[in-house]
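Fold and contact review
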Amino acid sequence: MDRRTFNKLAGLAMFGAVAESTEARAQSNGSAIGSTATGEEVVLQDSELLVAFDKGSGAITRLERKSTHWTIARRPELGVSFRLLAPLPHRRANFVLGQNQRATKVVKVSDTEVELEWKDPVSEHGGALPLIFTAAVTLEKGVLTFDPTLVNRSSLTIETVDYPYFGDVNTPTPGESMQSEHMWYGNLNSSPLSPAFRNDKGYWGVDFPTMTIESKQSLFCLIQAAKQGLYVEMHDPTQRYLLEFTFEQRPGFLESPDSLVPQQQEISGRPVNLEFRTCHFVFVQPQSTKKLVPVVLRAYDGDWHAGLDLYKNWRSTWFQQPHIAGWVKDVHSWLQLQIDGAEQDYRIPYRDLPKYIDECAANGVTAIQLVGWARGGQDSCDPSLDTDPGLGTRNELHDAILHARAKGVKMILFGKPIWADLTTEQYKTDLYKYEATDPYGIRYETNGYSYTTPTQLAQINNRRRAIMDVQCPAYRDVATKEFQKILDLGAAGWLFDEVCHHGPVEFSFSPNHGYAPPGYIYGGDMPMARQFHAASDKIDPDFIHAGEGPQDWLLQYYPVSYFRINNGSRAVCRYVDSQAPLLVAVTGFDDREMLNLLLAYRYIISYEPLNFKGHLTAFPLTLSYGQKIDALRTRYKAWLWDAEFRDTLGANVSADGQHRHTVFVTSAGKRAVVVINHERSKTLSAEVQLPNPGKLVFATPEQPDSMPLAGNLTIPPRSVAVVMEL
């Protein structure tokens, strides 16, 4: 295929130029073509924001941040009201496009509120539908809230509602960089919006480059420019349904190798605009009414920290601090140890565990996360939590746990109740009844993981797994029965692996699971967690519930969060909660760089020698330095452990090489600054600048006795220093 033919075909795909499409469809919800903007507006404004609605269509025609003169949406002809997806029996792509409708009400009912209503809108291919879509929009003290409701009197299921819908999102100044940011897996993830844009969905799947952020990962997203941003929030932490924060760059890329966005107002006769909308996956059934979750938008000055401050303020209104055992709150470290993989290598029998326990006790390691202890080894035979005869007897494991308790070491048992191994008799005779199925009645499944042998590493004999429907009360009882086996063994806690996701499943459409389908599967996470807690509380209120990277709302139930980081990670969970017990993997044989990060971010050390398959003493360099790190934060606990984490806020550090710093503030208002030297062979000279500092001292892992700070810090290669205010 020559280049000209390729460009022609790519252009057809990009602009949705299929034979049956109309021009309004190809430029739906945001082009001048098909726009119903009349020029008459209804306006809400306060000292911070201005939002305007077209009086005829209800479209959002303008959005301005008055305090900084940021015209977020400036072209009324690109204004959009809403979009609905109302599939027909033989044509699923049947949209109700807001720009093709007239509003029956756009009324300013007070200085702070506008009411909007659309009745009997006309769909693209199904004619008029007996629907009533309403929204109450309020603006108070810079908080813009969209509160919609859908009344469905039709015979169709309305699957999604896009609202609010902004047709023309602009950067504060032309050509300025802007990106989206959100929480996921203990970190703050970022995607470019301008001058480049990331197309998540593939050019073959969408009319225009599209990027989404899902509420199953984060209840908010930030639209972040250089010095200010927009905070957008799904104002409901209960996981009622999925919401997607959706960005769509029209009409496409200026050039594809770098995914650059055209910087002019139009290109090839088409407007250039970035759309932003929140897509509610509501599945409103025929003859029913659904009140959608409110969407909140606020502007802020500064970087992501300021956006997170808005989330923290809201979080404080609903987050219930969980009970956490005292030992977890103190400075301590863990060992992660796999004793069997999915290919039955049976590397460490139960009877040999006391050797590892004694080693931990001798080296000050408080807990062992034991992986692969259950039937079949790691990621095999899930969700079974029976012991494995290949590793020994149940009594041998029970005795090892008792030995750990006597040595002051906490045994944390690994579990995974959200999958079902398709190869097991338990699945074939029982668990299949609780699997999540798609709209066609076909089960969802994952390919499983690969361990040890060439055959499995080539994914030839991986154990594929069905995804269990945790919205199903009967399955939650099955999972709780399996969880009880951990309690019966006398473990100090458990770690729910992959608690943060359900593979490819968003909704289960299974018809006989005790609710009216579809069921948003993430909505079952908290009810199942409450059952687990009810079971453990009967035996030991200090039993630890840990999880792999649980989302922020799940930290109410799985407060010990285990995840992995790298040099590019941003400690968003630590910034949200200074005292949350966050546990991070350390795997290198001389892993000073990772241990320095853990000190800077107040993360608990999870030692994982030989890819979590070896003795703690297998990497003596890492262990020795980790012990120095923990000794330092134990000695200066008020500054490094019990203090408020401020990330980089409140101090400036300049140095003659690669470095990083974080800031802590004690309950007495005293500050600590952790400065990392990222240079591998160069000693760093660093100046720490604190506003109005008191007496300053510093210490290092190698020299823990504090010394007065006079002038610059001198930090050896691959090391770290802590400056403390007395």
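Residues numbered from 1 in each chain as written. Predicted model: local features only at pLDDT ≥ 70, side-chain atom pairs only at ≥ 80, totals over all residues. Heavy atoms only, no water.

Some remarks on the overall build of the protein
What the protein contains, in helices and strands, is 15 helices and 46 strands. Against the 2.2 N^0.38 benchmark of 27 Å for 726 residues, the protein shows a C-alpha radius of gyration of 28 Å, consistent with a compact globule. Overall, the C-alpha framework of the protein stretches about 75 × 70 × 60 Å when taken along its three principal axes. Sorting the 726 residues of the protein into buried and exposed places 60% on the buried side. (Helix = DSSP H or I, 4+ residues; strand = E, 2+ residues; numbered from the N terminus. Rg over C-alpha atoms; globule rule 2.2 N^0.38 Å. Buried < 20%, exposed > 50% of the residue type's maximum accessible area, 1.4 Å probe, protein only.)

Here's the deal with the pairing of strand β3 (residues 60-65)
When strand β2 (residues 49-54) meets β3, the two strands line up antiparallel, connected through five bridges. Counterpart to Phe53 in the pairing with β3 is Ile60. What sits between β2 and β3 in their antiparallel hairpin is a turn of five residues, with Gly58 showing a positive phi close to 80 degrees. The pairing of β3 with strand β4 (residues 70-73) spans three bridges and is antiparallel. Within β4, the position partnered with Arg65 by the bridge is Trp70. (Pairing = 2+ DSSP bridges.)

Description of the pairing of strand β15 (residues 187-194)
Sheet topology note: the strand β14 (residues 178-184)/β15 ladder contains seven bridges and is antiparallel. Counterpart to Trp184 in the pairing with β15 is Asn187.

Looking at the sheet that holds strand β28 (residues 419-421)
On the basis of which strands lie adjacent, the open sheet formed by three strands has the order β28-β30-β29 and antiparallel pairing. Each edge of the open sheet is held by one strand with a lone partner, namely β28 and β29 (445-446). Where β28 lies against strand β30 (residues 465-467), three bridges are found, and the strand directions are antiparallel. Residue Asp421 lies in a different strand from β30, and its bridge partner there is Arg465.

Regarding the confidence of the model for the protein
Summing up the model confidence of the protein, the mean pLDDT is 94 and the portion of residues at 70 or higher is 95%. Segment residues 1-35: pLDDT under 50, and 58 contacts once partners within four positions in sequence are set aside and those in other chains are kept. (pLDDT = per-residue confidence, 0-100. Contact = heavy atoms within 4.5 Å.)

Structural notes on the environment of Glu233
Along the polypeptide, Glu233 turns up in strand β18 (residues 228-234). Not counting chain neighbours up to four residues away, the residues in contact with Glu233 comprise Leu219, Phe220, Phe245, Pro294, Val295, Val296 and Trp314. A distance of 2.4 Å separates a polar atom in the side chain of Glu233 from a polar atom in the side chain of Tyr231. (Polar contact = N/O pair within 3.5 Å; in protein donor to acceptor, adjacent residues only side chain to side chain.)

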